[in-house]
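The chain contents come next:
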Amino acid sequence: MTDATASTANQRIPRHIGIIMDGNGRWATQKGRSRHAGHRAGVENIQPIIRAAADMGVKFLSLYAFSTENWRRPSLEVQGLMMLLGEFLDREVDTLIKENVRIQHLGSLTGIAPHLADKIRHSVARTAHCTRITLCVAFNYSGRQDIVNAVKSIIASGISEADVSEQLISEHLSSHGVPDLDLIIRTSGEWRLSNFMIWEAAYSEYWPTQVFWPDFTPQLLQQAIDDYGKRDRRYGGIGSKA
Ligand code: FPP
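What counts, and at which threshold
Residues numbered from 1 in each chain as written. Predicted model: local features only at pLDDT ≥ 70, side-chain atom pairs only at ≥ 80, totals over all residues. Heavy atoms only, no water. 1 Å grid on protein atoms, 1.4 Å probe; cavity = no way out; pocket = protein on both sides within 12 Å on 5 of 7 lines; lining within 4 Å. Points joined across faces, edges and corners; volume = space filled by probe spheres on them. Helix = DSSP H or I, 4+ residues; strand = E, 2+ residues; numbered from the N terminus. Nonpolar A, V, L, I, M, F, W, Y, C, P; charged D, E, K, R; others polar. Core = buried A, V, L, I, M, F, W, Y, C linked by side-chain atoms within 4.5 Å. Buried < 20%, exposed > 50% of the residue type's maximum accessible area, 1.4 Å probe, protein only. Contact = heavy atoms within 4.5 Å. Pairing = 2+ DSSP bridges. Axes fitted to C-alpha atoms, helices over the stretch in contact; angles between N-to-C directions.

Visitor: I keep staring at the layout of surface pockets and nothing clicks. Help me out?
Guide: If a probe as big as a water molecule is rolled over the atoms, it shows which places are left empty. Its volume calculated, the largest pocket comes out at about 690 Å³. As for the largest pocket, its lining consists of 32 residues, and the residues nearest its centre are Met21, Asn24, Tyr64, Ala65 and Asn70. Of all the elements, strand β2 (residues 60-67) adds the most residues to the lining of the largest pocket, at five residues.

Put into structure tokens, the structure is as follows:
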């Protein structure tokens, strides 16, 4: 247990945390560096946060790495992000396996270069046996498109209208097997969901921070979890204070 995690004993820990890793570009601009350097710094911050989340007892961590809307960015930036994912998987999968981290991909592999799509499939397969924490990587991801794809696959399977339920839709999303989000953290001071896991976020708590993603720390993760522990989750009811 690290210092940052020591205070989590006996505390309510979110089972599933999502992070919208925003602000790489502004972080880089403030330092007079390229946007690519900002994304690279962002990728370097991923492993320490996975490790801290696992140490704190979080079982599912979802990271928003590339949305389908991000294809609108200049092609050099898009290529850079694709390259960074490939490098991340090449460099980190052995460590993730050692640390018992399972990777699940959220989103679509269609449109991603075949060699990168293969790398993603291979990383998911290689870590399939890991049980300490599941790292969901939302890459080429759109929450709405994920729901559309779920509906299409339900219709294609010939299920009757009477059998359509919330649970069935959840089972057909790319987050199948992953519980709904408990807590969403967004860095860089923005207060938007930006099409991130909109189905799974139905009753999530939110924790925005001004800090840019490359500067996000295990201590801030701990603070978010501490604040989450004080929230009264009412799910439309009247809660514990009634
Ligand atoms: C937002 O910063 C960041 C993204 C586009 C997604 C997060 C991406 C990473 C951390 C790097 C890629 C990760 C992997 C695993 C490949 P921004 O560019 O929107 O920042 P800005 O709002 O300050 O411009």
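After that view of the structure, there is still more to cover.
Visitor: I tried to follow empty space enclosed by the protein on my own but got confused; where do I start?
Guide: Counted according to the given criterion, the structure contains one cavity of 30 Å³ or more. Every residue lining the largest cavity is listed: Leu85, Leu89, Ile103, Gln104, His105, Ile120, Ser123, Val137 and Phe139. Listing elements by their share of the lining of the largest cavity, those giving two or more residues are α5 (75-98), β3 (101-106), α6 (114-126) and β4 (133-141). Tallying contributions element by element places β3 first for the lining of the largest cavity, with three residues. Residues belonging to the lining of the largest cavity are distributed by class as follows: six nonpolar, three polar and no charged.

Visitor: Sorry if this is basic, but what is going on with the nonpolar core here?
Guide: Ile17, Ile19, Leu61, Ile185, Phe216 and Leu221 are the most contacted members of the largest nonpolar core, which has 44 residues in total. Look past the residues within four positions of phenylalanine 216 in its chain and what remains in contact with it is Ile19, Asn45, Ile49, Ile185, Thr187, Trp207, Thr209, Val211 and Leu221. Grouped together as the second largest cluster of nonpolar side chains are 13 residues, Phe60, Tyr64, Cys136 and Phe196 included.

Visitor: Can you walk me through the sheet that holds strand β1 (residues 16-20) in this structure?
Guide: The pairing of strands in a sheet comes from backbone hydrogen bonds and takes either a parallel or an antiparallel form. Strand order across the open sheet formed by six strands is β3-β4-β2-β1-β5-β6, with parallel pairing between neighbours. In the strand order of this sheet, the two ends are held by β3 and β6 (205-208), each with one partner. Strand-to-strand, the axes of this sheet are offset by a mean angle of 20 degrees, without reference to chain direction. Taken together, the five bridges between β1 and β2 define a ladder with parallel strand orientation. Bridging from a neighbouring strand, isoleucine 19 pairs with leucine 63 of β2. Where α6 meets the sheet, it contacts β3 and β4, and its direction lies at approximately 140 degrees from that of β3.

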